Amino acid sequence: MAIPVFIDCDPGHDDMMAIMLALANPAVHLLGISTVAGNQTGERTCRNAARVLTLVGETGVPLFRGADGPLCRPLVTAGDIHGDSGLDGAALPEPLVPVSPVPGAQGLAETIMGHGEAVTLIPTGPLTNVALALRGWPQLREHIREIVLMGGGVQDSNVTPVAEFNIYVDPEAAAAVLQAGIPLRVVTVDVTNRAIMDYQQIASLASGGPVSRVVAGLMQFFARANHNAFGIPGAPIHDALTVAAVIDPTVITTRSCNVVVETRGEYTRGCTVVDRYGVTGRPPNADVTFDVDRDRFIALMMEALKTLDVRVQDLQTGVEQ
Ligand code: RIB
Ligand code: CA
């Protein structure tokens, strides 16, 4: 039986890969997508999600546009990594799927609460929409099976020496989610920086089908940006690892830890303080990643792209008949 999931994201190259994996793998059923400002503005991240759905010919997944900025701070974006569009590196189709008039947090809450069984919520951007949904619909938490989020770090970081981007952008929202008491897996940048599609794997996509060929260009751009910024030897597909962890929990190794977020520090805003040795006495509130099975993860990703290639080719063939 497929696990029902809802993705809240800020596409973003790796958010796109998370959406593609969720659409392609039969172990999960993607109920809906909400977008949030993060990698780029709220308008661009929503447009990018619609372009990705159009690229893969998906018309049955509702799309909601969420917050255009953090709960109480100015927006910080990541054009240096994802480009001016938020998905630079290849020509994506003009968006043909509709964006719901329902605001993102409401769409997230109502889709999850309206589903017949508990839903796995997968946030892969700043947690603004999730915090707003939990605040506006208190009964939402009863309908969430678990939250599997990409964010934070144990020792690694990216946007500052001590903070990871999703948490840094909206630390107050992250703190609210961490304190919500909902079963939580935190997929940290320590392991997602090792969840890399390497240059050879990216190059192999260029000779693939209609989806893989576009992804090849996008991953080349993303890999180059990550190499320039962090010296990473390939494309770290941060967000897709959350979906992979729902499909196959063994793809990550976690430890139960207490995690809190710094919201007041002058130099430490957005730092996730992970008590991996239990020295604080604070009770564990999350399962935090400490390792990744990269080969298994990339195999799932490559399999998903092949599935989407066939799906689009069938749609194209169907159109021509
Ligand atoms: O730090 C990596 C995270 O920030 C990823 O989710 C990426 O898409 C950006 O949102
Ligand atoms: Ca993201």
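Residues numbered from 1 in each chain as written. Chains lettered and ligands numbered in written order. Predicted model: local features only at pLDDT ≥ 70, side-chain atom pairs only at ≥ 80, totals over all residues. Heavy atoms only, no water.

Q: Hey, could you run me through the overall build of the protein in this one?
A: What the protein contains, in helices and strands, is 12 helices and 11 strands. Here the protein has a C-alpha radius of gyration of 18 Å; the compact-globule value for 321 residues is 20 Å, and the two agree. Along the three orthogonal principal directions, the C-alpha set of the protein runs to about 65 × 45 × 35 Å. Buried positions account for 58% of the 321 residues belonging to the protein. (Helix = DSSP H or I, 4+ residues; strand = E, 2+ residues; numbered from the N terminus. Rg over C-alpha atoms; globule rule 2.2 N^0.38 Å. Buried < 20%, exposed > 50% of the residue type's maximum accessible area, 1.4 Å probe, protein only.)

Q: Looking at this structure, I do not really get the coordination of the calcium ion (ligand 2). What am I missing?
A: For a metal with four donors in a tetrahedral arrangement, the ideal angle between donors is 109.5 degrees, while six donors in an octahedron ideally sit at 90 or 180 degrees. Every protein donor of the calcium ion (ligand 2) is listed here as Asp-10 (OD), Asp-15 (OD), Asp-15 (OD), Thr-124 (O) and Asp-239 (OD), and their distances to the metal cover 2.2 to 2.6 Å. Site description for the calcium ion (ligand 2): donor spacing in sequence, D-x4-D-x108-T-x114-D. Placement of Asp-10 in the loop between β1 (3-9) and α1 (13-24) and of Thr-124 in the loop between β4 (119-123) and α5 (128-136) is noted, with a sequence separation of 114 residues between them. In this structure Asp-10 comes out as buried when scored by relative accessible area, which is 0%. We classify Thr-124 as buried; its relative accessible area is 1%. (Donors = N, O, S within 2.8 Å, 3.2 Å for Na, K, Ca; no water.)

Q: Which parts of the structure should I look at to understand the pattern of salt bridges?
A: When their charged atoms lie close together, side chains carrying opposite charge are able to pair. Counting across every chain of the model gives 9 salt bridges. The partner of Arg-294 in a salt bridge is Asp-198, with the nearest N and O atoms 3.3 Å apart. Of this pair, Arg-294 sits in helix α12 (residues 294-320) while Asp-198 sits in the loop between β7 (196-197) and α9 (199-205); the two residues are 96 residues apart in sequence, bridging distant segments of the chain. Relative accessible area serves as the criterion here: at 24%, Arg-294 is assigned to the partly exposed category. (Salt bridge = Lys/Arg side-chain N within 4 Å of Asp/Glu carboxyl O.)

Q: For this particular structure, what's the right way to read helix α7 (residues 171-178)?
A: In an α-helix there are 3.6 residues to a turn, and that puts residues three or four apart on one side. α7 sits mainly inside the fold: 6 of its 8 residues count as buried. For α7, the complete set of buried residues consists of Pro-171, Ala-173, Ala-174, Ala-175, Val-177 and Leu-178.

Q: Please explain the site of ligand 1 as it appears in this structure.
A: What surrounds ligand 1 is the set Asp-10, Asp-14, Asp-15, Asn-39, Thr-124, Met-150, Asn-158, Glu-164, Phe-165, Asn-166, His-238 and Asp-239. Contact between ligand 1 and Asp-15: an oxygen atom at 3.0 Å from a side-chain N or O atom of the residue. In the model, an oxygen atom of ligand 1 is placed 2.6 Å from a nitrogen or oxygen of the Asp-239 side chain. Elements represented by at least two residues in the shell around ligand 1 include exactly α1 and α6 (165-169). (Near = heavy atom within 4 Å. Polar contact = N/O pair within 3.5 Å; in protein donor to acceptor, adjacent residues only side chain to side chain.)

Q: Explain the nonpolar core here, please?
A: Generally speaking, soluble globular proteins have nonpolar side chains that are buried together. Residues Met-17, Met-20, Met-197 and Leu-241 are the most contacted members of the largest nonpolar core, which totals 66 residues. Listing elements by their share of this core, those giving two or more residues are β1, α1, β2 (28-35), α2 (42-55), α9, α10 (210-230), α11 (240-247) and α12. If we ignore the near neighbours within four places in the chain, the residues touching Met-197 are Met-17, Ile-202, Leu-205, Met-219, Gly-234, Ala-235, Ile-237, Ile-298, Met-301 and Met-302. Judged by nonpolar contacts, the second largest core, of 36 residues, contains Met-113, Ile-144, Ile-182 and Val-186. (Core = buried A, V, L, I, M, F, W, Y, C linked by side-chain atoms within 4.5 Å. Contact = heavy atoms within 4.5 Å.)

Q: What is the right way to look at the packing of helix α4 (residues 104-113) against α5 in this model?
A: Between two packed helices, what matters for the description is the angle formed by their axes and the separation of those axes. Between α4 and α5, whose axes approach to 8 Å, the crossing angle comes to 60°. By the angle class used here, α4 and α5 are oblique. Taken as a pair, α4 and α5 cross one another with a handedness that is right-handed. Listed contacts from α5 to Ala-105, Leu-108 and Ala-109 of α4 are Asn-129, Val-130, Leu-132 and Ala-133. Taken together, the residues of the contact of α4 with α5 sort by class into 6 nonpolar, 1 polar and no charged. (Axes fitted to C-alpha atoms, helices over the stretch in contact; angles between N-to-C directions. Parallel < 35°, antiparallel > 145°, perpendicular 65-115°, else oblique. Left-handed = near helix turned anticlockwise from the far one by under 90°. Nonpolar A, V, L, I, M, F, W, Y, C, P; charged D, E, K, R; others polar.)

Q: I tried to follow the sheet that holds strand β10 (residues 272-275) on my own but got confused; where do I start?
A: With mixed pairing, the 9 strands of this open sheet are ordered in space as β3-β2-β1-β4-β5-β6-β11-β9-β10. Looking at which strands have only one partner, the edges of the open sheet turn out to be β3 (63-65) and β10. Here the average twist between neighbouring strands, direction ignored, is 30°. Here β4 runs beside strand β5 (residues 144-150); their pairing, made up of 3 bridges, is parallel. Within β5, the residue paired with Val-119 across the bridge is Ile-144. Against the sheet, α7 makes contact with β5, β6 (184-187) and β9 (252-261), and its axis sits at roughly 115° relative to β9, the strand it touches most. (Pairing = 2+ DSSP bridges.)

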